[in-house]
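Notes for the structure review
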Amino acid sequence: MALSKKITRSLMLGAFGVALAIPGVAVAQDAGAHAAGLTGNAETGKQYYRRWCVGCHGKEGNGEGENAPYLDPKPRDFTEALFRWRSTPTGTLPTDQDLYDTITRGVVDTLMPTWRPLTPQTRVDLIAYIKTFSPKWQTQKAGTPITIPPEPPQTIDSVLHGRQLFDQMQCWKCHGPEGRGDGPSAITLTDDKGEPIRPYNFHDGTRFRCGETNQDLYKIFMTGLDGTPMPSFADSLKPQDAWDLVHFLRTLQPNVPSTSRTVWLDYVKTHQGQIKPMGADAQGQ
Amino acid sequence: MRTKFFVVLFVLGLASSAMLVTAARPAASGTITGKATFTGTPPKMKPIDMSKEPVCAKEHNPPITTQDIESGPGNTLQDVVVYISAGDQGSAPATTTAKYEQKGCQYMPHVLALQANQPQQIFNNDPVAHNIHPLPKANSEWNKSQPPGSPPIDTKWEKPEFIAVKCNIHPWMHGYFAVMGTSHYALTGADGTFTIKDVPPGKYTVTAWQEHMGTQTQEVTVAGGEAKANFTFKALPY
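Residues numbered from 1 in each chain as written. Chains lettered and ligands numbered in written order. Predicted model: local features only at pLDDT ≥ 70, side-chain atom pairs only at ≥ 80, totals over all residues.

**Description of the interface of chain B and chain A**
In this assembly, 20 residues from chain B lie in contact with 23 residues from chain A. Classifying every residue of the side of chain B that touches chain A gives 9 nonpolar, 8 polar and 3 charged. (Contact = placed C-beta atoms within 7 Å. Nonpolar A, V, L, I, M, F, W, Y, C, P; charged D, E, K, R; others polar.)

Given below as C-alpha cells:
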C-alpha cells in the first residue's frame, strides 16, 4: 500500500514536471518579434491573443473567429503569412515593425480598431504569437524594407509628370480616370480569397489603411498590397517618378489639403481646355 | 602560378561533372509515352468577352474561349502535365529560361511547365498594362505590374506546386505555372499525346494533371525503349 502511494506520488510529481515543461513546448515555432525597441514573447502574446484577437481572427489564427461571418472585410488569416501593409517588396514577409504599426494604427473603415490602449510590450508579444501561425516565419526572413529617397518639392511639373504616369501605368483601369475607384476593371476585382474588393476612391477617403503620410502612399504602389489586386510598380517606376505619382495622387483628394492639390488647382484655372483627358476617353474608347 | 592552379581545378571540376552526368544517364534509358483523353461530358468552354479591352478584342476574331479544358477530336486533352511523381532518382536543375508571354490579353502557353529553381521570364507583348499575380501556396505570392514596353520580369520558384496565375486588370486571363520537382515531365500536345524522354530504367509513379479534372496516377516500369501510359480523365458537365 505504502509502495503504491509512493509510486502514485512520484507519478504525480512527474506529471507536474511535464506540465511545467509544456509552456515552453506549446509555442514551438516561436520566432520572437522585435519592434519598437522591444522583444516579444509568443507565450505571453498567446494569452493576450486569446483575450483580444480570438473573437475575429480565430483560435487557429485563420481569420475564422466567432464574429468573422458578420464582418466585411474579413479578418486577416495569419496562417497564410500574406500581409498587405509592408515596407518590404512584394512576395516577402513584412518586418515585425510593419505588423506592430498595423496593430497600433488599426485599419480605417474596418472593424479592426487601433490597439494603442495596449502597452507597446503587449503589442510586440502579440506580434510574436501571430508569427507562430505560419511555418513561413521559420523558413523565410522578412524582406529588406524598400529605400524611399527624400521627397522632392511638390511642383506643378512633378504633378503633371505624375499625371502622365497615372495614365501610362494604367492606374485608371481600376482606380478610374478621376481616382474615384470606378475604372473599367473595378467591378470584377476580388482578393485572394475570392471576396469582392474595391479599388481606393481618392475622393471619399481621407486616410489610407497603411497610414496617411506621403511616404505611406509611396510604399503602397512600390511594394504592392499582397493578397489584393494592387500590384507592385517597383519594376516599372523609378524612385523619382514614384514621387511624382504621389504628388499627382494627392491632387485627387479634395479632403486632404496638400501643396500638390493647390498648385494643381491653380494650373487648372489658367489652363482651361488644355488638359488632356485620361483613361479610356483619351484613347477614344 | 595561382591561375594555373585554378585552371587545373576548373578542368577537374568539368571532368567530374561530365562523369556524373554520364553516370546519371545510363545508355539504356527509355521514354514514357501516351495519350490523355476523357470520358463523359465536359462543361462547354465559353467565348471570352474582351470588349473592355478593345485592343485585345480586335486580335481575336472570332473571340477565343476559356481554356480550362482544351479538347481535340477523339476526346483528347491538351495541356495536361504528365510527370514522374515518385521513384525519380534526382534530376539536374534546368538552366534554360522558361518563357511566359502575355499577348492579346491571353497567356501563352496556357500552362507553363518548368522545374523548381529554373529561371523564368515573363513578357508583356501587349500595348496595354497587365499585372501578373501568381497565387502559390508553398511558394511566396507576389503581384507585379507590367505596363506596355516594360522589360521582362525575371523570377523562379523554389518549391514544386501548381500555381494559378491571373491578371486582375483582365479577369478572363488565367493560366498555370506547373513547377516540377523533376526533369522528367511533359505537356500533352494538341493531339493529346506526350513523351517523357531520358528516363533511366526503373519503377515509377507517373501523374497526369489537368487543371479542371484533377489528377490521375499509374505505375510505370521503364526498361529501356518505350513504356506506355495512357490517362483517361472523367469529365463532369460542371
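**Focus: the environment of B:Ala190**
All names here are of chain B. Mapped onto the secondary structure, Ala190 falls in the loop between strand S14 (185–187) and strand S15 (193–199). Placed 112 residues apart in sequence, Ala190 and Gln78 show a C-alpha to C-alpha distance of 5.2 Å. Leaving out residues up to four positions away in the same chain, Ala190 has contacts with Gly72 and Gln78. (Helix = DSSP H or I, 4+ residues; strand = E, 2+ residues; numbered from the N terminus.)

**Some details on unusual backbone geometry**
The phi torsion of most residues other than glycine is negative, and most of the peptide bonds are trans. Of note, the amide linkage connecting A:Asp72 to A:Pro73 takes the cis form, showing an omega dihedral of 0°. One can find A:Pro73 in the loop between helix H3 (54–57) and helix H4 (96–105). Cis rather than trans, the peptide bond between B:Asn61 and B:Pro62 has omega equal to 0°. Although it is not a glycine, A:Asp109 adopts a positive phi angle of roughly 65°. Among the structural elements, A:Asp109 can be located in the loop between H4 and helix H5 (120–130). Residue class for A:Asp109 comes out exposed when judged on the 10 C-beta atoms lying within 10 Å of it. The backbone of B:Asn117 shows a phi angle near 65°, a positive value even though the residue is not glycine. (Buried ≥ 20, exposed ≤ 12 C-beta atoms within 10 Å, placed from the backbone.)

**Let's talk about the sheet that holds strand S17 (residues 214–222) of chain B**
All names here are of chain B. With antiparallel pairing, the 4 strands of this open sheet are ordered in space as S14-S4-S16-S17. Of all strands in the sheet, those with a lone pairing partner are S14 and S17, marking the two edges. The sheet shows a mean angle of 25° between the axes of neighbouring strands, taken without regard to direction. Here strand S4 (residues 81–86) pairs with S14 via 3 bridges, running antiparallel. Bridge pairing in S14 places Tyr83 opposite Tyr185. (Pairing = 2+ DSSP bridges. Axes fitted to C-alpha atoms, helices over the stretch in contact; angles between N-to-C directions.)

**Topic: the domain arrangement of chain A**
Residues and elements named next belong to chain A. For chain A, the domain assignment lists domain 1 (31–139) and domain 2 (156–281). Between domain 1 and domain 2, the C-alpha centre-to-centre distance is 28 Å. At the junction of the two partners, domain 1 supplies 14 residues and domain 2 supplies 16 residues. Along the lines of polarity and charge, the residues of the side of domain 1 that touches domain 2 split into 7 nonpolar, 3 polar and 4 charged. (Domains from an automatic or database assignment.)

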